[in-house]
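Summary of the model geometry
What follows is each chain in one-letter form.
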Amino acid sequence: MSDGFLMEVCVDSVESAINAERGGAGRLELCSSLLEGGITPSIGLLRVVKQFVHIPVYAMIRPRGGDFLYSDREVEVMKVDIELMKSHGADGLVLGTLTEDGRIDTELCVELLSFDMVCDPVVALETLISLGFERVLTSGCDISALEGLPLIKRMVEQAKGRIAVMPGGGISERNLQRILEGSGAQEFHCSARCNRDSNMKFRNPHVSMGASLSAPEYGLKVADVAKVRALNAIAKNTL
């Protein structure tokens, strides 16, 4: 928490989790495969992260990349993952499920991730409030929180403190102040990552793990302490 603002950082490694806390993050969203927007982390990752950080760790529940319309079998996976994450120390869950017509599936949602794919955000927000959800992560139904700022502002006004509206998507040092001032939000979500070269000395340029559009095999993206601190400072100075 930074004098009224809370920064949530999404992380997919122990190194990123430690860096985020060192930089001043107030909460972590833990997942795997940020390249796909995040999927459910392993129990091993959750348990080790919990050993090294002291801020709340919310685990993402998402069985695959892609949309948020899940099959019955995928829902069964999510139910098992929810129980496992809770039993292994997750402080909260992050999850979103939609019906085929773009409405919130109220029976499956435990915590929200996929709000920006709903067909009517005004109705959706009231649905989440009625279900007792704590917060909604949103880019304002646009490509980034900056582009979606007008809708985020309207959502904050609509919420009237009944639910936390947390801007996320493309947040950086260049636009955070504008987003906070323009939205009136008290929480924000970011990754604050930088590129770090792998420590591998032997590298085979002819072999690559994954598809051709995957991340570089010998480059890592991790949460950057300096970026997290810079964002925290901007939030503090926005007051």
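The structure presented is a predicted model; accordingly, all values stated were derived computationally and were not measured.

What the five strands build is an open sheet, ordered β4-β3-β2-β1-β7; its pairing is parallel. Since the sheet does not close on itself, it has two edges, and those belong to β4 (92-94) and β7 (187-190), each with one partner. The average angle at which neighbouring strand axes cross in this sheet is 25°, direction not considered. The sheet contacts of helix α2 (residues 43-52) involve β2 (27-30) and β3 (57-60), and relative to β2 the element is tilted by about 165°.

One way to put it is that helix α6 (residues 176-183) packs onto helix α7 (residues 225-238) with a least axis distance of 9 Å and a crossing angle of 40°. Classified by the angle between their axes, α6 and α7 sit oblique to one another. As α6 runs across α7, the sense of the crossing is right-handed. Only Leu231, Ile234, Ala235 and Thr238 of α7 make contact with α6, whose side of the interface consists of Leu176, Gln177, Leu180 and Glu181. The residue inventory of the contact of α6 with α7, partitioned by class, reads five nonpolar, two polar and one charged.

On to helix α3 (residues 72-87), then. With 16 residues, α3 extends 23 Å from end C-alpha to end C-alpha; this agrees with the ideal 22 Å at 1.5 Å per step. Within the span of α3, buried status applies to Glu74, Val75, Met78, Asp81, Ile82 and Met85. Taken down its axis, α3 places every buried residue within 120° of arc, on the same side. Opposite the packed face of α3, turned more than 90 degrees from it, sit the exposed residues Asp72, Arg73 and Ser87. Contacts from the buried residues of α3 go to α2, β3 and β4. Gly89 sits one or two positions beyond α3 and adopts a positive phi of about 105°.

Moving on to the side chain of Asn175. Assignment of secondary structure puts Asn175 in the loop between β6 (164-167) and α6. Residue classification places Asn175 among the buried residues on the basis of a relative accessible area of 11%.

Before going further, it helps to examine the state of the cysteines. This model, assessed by the stated rule, comprises zero disulfides. No disulfide involves Cys119; its nearest neighbouring cysteine sulfur is the one of Cys141, lying 9.9 Å away.

Here is what the cut-offs are and how they apply
- Counting starts from 1 at the beginning of each chain's written sequence and moves along it residue by residue.
- In view of the model being predicted, local features appear only for residues whose pLDDT reaches at least 70, and side-chain atom pairs are presented and counted only at 80 or more, with totals across whole chains, interfaces and linings using the full set of residues.
- Computation of side-chain values: all heavy atoms of the structure, hydrogens and water removed.
- Two strands are said to pair when DSSP picks up at least two bridges between them.
- For the purposes of this entry, the term helix denotes a DSSP run of H or I that reaches at least four residues, the term strand denotes a run of E that reaches at least two, and both are numbered from the N terminus.
- Interaxial angles span 0 to 180 degrees and are taken between N-to-C directions of axes, which are lines fitted to C-alpha atoms, for helices over the stretch in contact.
- By definition in these notes, contact holds between two residues if any of their heavy atoms fall within 4.5 Å.
- Between 65 and 115 degrees an angle is taken as roughly perpendicular, under 35 as roughly parallel, over 145 as roughly antiparallel, and anywhere else as oblique.
- Less than a right angle of anticlockwise turn of the near helix away from the far helix marks a crossing as left-handed, whereas a clockwise turn marks it as right-handed.
- For this classification, the nonpolar set comprises Ala, Val, Leu, Ile, Met, Phe, Trp, Tyr, Cys and Pro, the charged set comprises Asp, Glu, Lys and Arg, and every other residue, Gly included, is treated as polar.
- Given a helix with a known number of residues, its expected span is that number minus one, times 1.5 Å.
- Accessibility here uses a 1.4 Å probe with only protein chains present; expressed as a share of the type maximum, an area under 20% marks a residue as buried, one over 50% as exposed, and anything in between as partly exposed.
- Along the arc lie the directions from the helix axis toward the C-beta atoms.
- For the purposes of this analysis, a disulfide is any pair of cysteine sulfur atoms at a distance within 2.5 Å.

Honestly, that's just the spatial picture; any functional story needs more than this.
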